[in-house]
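Analysis of the macromolecular model
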Amino acid sequence: MRLRQIVLLLLLALAIGAFVALDLGRYLSFEQLKSSQASFAYLHAEQPLTVAAVYFLVYVLATALSIPGAVIITLAGGAIFGLWQGLLIVSFASTVGATLAFLASRFLLRDWVEARFGQRLADINTGVNREGGFYLFTLRLIPVVPFFLINLLMGLTRMKVWTYYWVSQIGMLAGTAVYVNAGTQLAQLESLQGILSPALLGSFVLLGIFPLIARRIVAAVQKRKVYARWADQRPKTFDRNLIVIGGGAGGLVSAYIAAAVKAKVTLIEAHKMGGDCLNYGCVPSKALIKSAKLAHQMRHASNYGLSDAAPSFSFKAVMQRVHNVITAIEPHDSIERYTGLGVEVLQGYGRLVNPWTVEVALNDGTTQRLTARSIVIAAGARSFVPPLPGLDDVGYVTSDTLWDEFSKLDEVPKRLVVLGGGPIGCELAQSFARLGSHVTQVEMGAHIMVREDEEVSELAQASLEADGVQVLTGHKALRCERVDGEKTLVVEHAGAEQRIVFDQLLCAVGRVARLQGYGLEDLGIPTHRTVDTNEYLQTLYPNIYAAGDVAGPFQFTHTAAHQAWYAAVNALFGEWKLFKADYSVIPWATFIDPEVARVGLNEQEAKEKNIAYEVTKYGIDDLDRAIADSEAHGFVKVLTVPGKDKILGVTIVGAHAADVLAEFVLAMKHGLGLNKILGTIHTYPTMSEANKYAAGEWKRAHAPQKLLAWVKKYHDWRRG
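Here we summarise the structure given alongside this text.

Reading guide: rules and limits
Every chain is numbered on its own, with residues counted from 1 as its sequence reads. The predicted nature of this model means local features are confined to residues of pLDDT at least 70 and side-chain atom pairs, given and counted, to a pLDDT of 80 or more, with totals for whole chains, interfaces and linings taken over all residues. Side-chain numbers here rest on the full set of heavy atoms in the structure, without hydrogens or water. Under the scheme used here, helices are H or I runs from DSSP no shorter than 4 residues and strands are E runs no shorter than 2 residues, and both carry numbers assigned from the N terminus. Only protein chains enter the area calculation, which uses a 1.4 Å probe; residues under 20% of their type maximum are buried, those over 50% are exposed, and those in between are partly exposed. The Shrake-Rupley method, run with a 1.4 Å probe, gives the accessible areas here. Residue values count only the displayed protein chains as cover. His is not counted, nor are the chain ends, whereas Lys and Arg count as positive and Asp and Glu as negative. All charge positions are set by atom: Lys at NZ, Arg at CZ, Asp at CG, Glu at CD. The length a helix should cover is 1.5 Å for every residue beyond the first. Note on definitions: a residue-residue contact is assigned when non-hydrogen atoms from the two residues lie within 4.5 Å. Think of a polar contact as two N or O atoms within 3.5 Å of one another; within protein, one of them needs to be a possible hydrogen donor and the other a possible acceptor, and neighboring residues in sequence only count if both atoms come from side chains. By salt bridge we mean one thing: a side-chain nitrogen of Lys or Arg within 4 Å of a carboxyl oxygen of Asp or Glu. A pair of strands is considered paired only if DSSP assigns at least 2 bridges between the two. The axes are straight lines fitted to the C-alpha atoms, using for helices just the contacting stretch, and the angles between their N-to-C directions are given from 0 to 180°.

In this section: the overall build of the protein chain. From N to C terminus, the protein chain includes 28 helices and 23 strands. Seen through its C-alpha atoms, the protein chain measures out along the principal axes to roughly 105 × 95 × 55 Å. The buried share of the protein chain, reckoned over its 720 residues, is 46%. When the accessible surface of the protein chain is totalled, it reaches about 35,800 Å², and 60% of it is carbon and sulfur. Positive and negative charge centroids in the protein chain, built from 68 and 65 side chains respectively, lie 8 Å apart.

Outside of glycine, negative phi angles account for most residues, and trans bonds account for most peptide bonds. In the segment running from Gly-552 into Pro-553, the intervening peptide bond is cis, with an omega of -5 degrees. Looking at the element boundaries, Pro-553 is found in the loop between β18 (544–546) and α21 (557–573). At the junction of Asp-593 and Pro-594, the peptide bond is cis and its omega measures out at 5 degrees in the coordinates. With respect to the helices and strands, Pro-594 occurs in the loop between β19 (587–590) and β20 (595–600). Backbone geometry at His-656 places phi at a positive 60 degrees, although glycine is not the residue there. If you trace the backbone, His-656 turns up in the loop between β23 (647–654) and α24 (657–660). Accessibility expressed as a relative area gives 43% for His-656, which makes it partly exposed.

This part takes up helix α14 (residues 315–329). For α14, which comprises 15 residues, the first-to-last C-alpha distance of 22 Å matches the rise-based estimate of 21 Å (1.5 Å per residue) to within 8%. Against α12 (275–279), α13 (282–299), α17 (402–405) and α18 (423–434) lie the buried residues of α14. Of the residues that open α14, the one with a side-chain oxygen 3.3 Å from the backbone nitrogen of Lys-316 is Ser-314.

Moving on, we come to the pattern of salt bridges. Within this structure, the stated rule accounts for 33 salt bridges. Two residues, Asp-276 and Arg-514, come together in a salt bridge whose shortest N-O distance is 3.5 Å. Highlighted residues: Asp-276 in helix α12 and Arg-514 in the loop between β15 (511–513) and α20 (520–523), separated in sequence by 238 residues. Asp-276 sits in the buried class, given a relative accessible area of 16%.

As a further point, take the sheet that holds strand β8 (residues 415–419). Judged by pairing direction, the sheet is parallel, and its 5 strands sit side by side in the order β7-β14-β8-β9-β10 without closing on themselves. The sheet terminates laterally at β7 (397–398) and β10 (470–473), the two strands that pair on one side only. Two elements, β8 and strand β14 (residues 504–507), share 4 bridges in a ladder whose sense is parallel. The residue bridging Leu-419 from the neighbouring strand is Cys-507, located in β14. Packed onto the sheet, α18 meets β8, β9 (438–443) and β14 and runs at close to 165 degrees relative to β9.

So far we have only geometry, and geometry alone does not tell us how the molecule works.
If you want it as structure tokens, here you go:
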């Protein structure tokens, strides 16, 4: 705490202490006010300006210090100055005092609260920035809500001082008028209870909820305006409750939920059911990673007491296994399965005609039009291809196309260039290197896996390099050329150009949402890299939702499924209740060896967001199961609230990290701290014990040393 904060705190404590010590509260009673009414009236008649100034200062001071008695002082204002003058003085005095209390709370407490509850307060501040004035106004209209509490709590937010002042000035006016008017009739009042009758209290409550009702009315007007150009095209009845465009993770889950609650739903998919994850992403890449890891283990069999052996294999067979794995999983996402669940599946391209109508160009050449009360867009994403000169001339593959293209090869590519240092690029670079390719990975940034902490990026790079990947960070791809019949990538590093010769080029520089081809432009639905949605996943048209990669902000299969629940439920039941999509606990993993898995904040994000944290780290090289498996490398790193076991984020690097992470995901989702993890029995010997040991490291670091010193003395005494 800074010196100025300490000084202010002492002054406030002295002021409140003086109020209590001098028993000034006795002057703030209803009986005292009634008995002194004549005296106040006489003083006001003799010195009106002085009395008004003193009254104003007293009111400001009492409000700023949050001293009880504002009602009595307000009544006094009406009794002394009359309705209009009293209302003017009290209105400004109460607002000035409230703003001072707001500023004192901000000055003394906000930094401390942000340090302890940074992420939660950040979420609150997001709402305050968007609609804080509206909610403050609503609270000010209801005098049963303690105004002093509003002052102190709002001071902890990032609301602008001027906004707080003028909203309070207007919002408190109605309640102030009631009390000032009551003060003008002080002689007729018998008690404070007579001021707020049940009828008057009810009126205030209605007044308080009026802005909420007005907001609904405004929303209805805005909704009508949005749909105005389509008013003559709105169907009187609908063919479906829900139409889903896209058969990837987001679309499948949306359709499944709709069918589960007995809604009539149609799912439209032009190509392969299961989307990118099944056909081009998660499933084939993990199948390839497994084959590559086995080849790696054979080369390093001496780690397990066996003889090292060079793996002999057919690359075609490896790629055929990848396709076999896809085929084995396909029934989970098949047309037959979803038809059996009650979903109508149409194979073709869907295009929005208006907010309720989708035209489907079926793969058999026919066209069909369907109407639905709600629509979910789950069109997914595609690999981004950078605009490199000469790229088309030399040829390339992406994470979408390599599975078919490489299946045509008899041998693994001898010289493979991987553009991109993100998760996809790292996974594929390591896998092909383990299968025998000479892999060069080119990353423009200073580190691969840039979203992770620097130590994680360095460890990942060291692992890839140990497998033979040449990792070139800080290298910018400029162009592709053919030189003497050889394919060449020209890169720039430290101001100089370098040439990399290759046989195959893999573009893995990210994925972009599919935003064209299904009518977003025709309906005027805004997009900025993804489809613009609100917190309920609604687009410009409240009945059209977006979920998955096309909606962002994450590009994971599990987040697409997560969003799909909100999109489907809101689409089907939103007229009764809308649910905000919850991104508070999102896990993800990069399946290199060792795996990198994370949930919540890491250190670089905590620093960027100015969130205070403590770090607890446990080295997996100490874990029995990891030693037994010759996987004794990596760590568990936990970020917690300073002094508390509340988990802010976890990063795990090691074998099966993605599986081990699940316990922390559960703990964060349900508000469990490290003490709960420490108190949970973990099977021995397993990798999951690393979580318990990490919790134990935190516990040892926070052991009560002074108490333990006394306990030691107790044990010494017990020994005689």
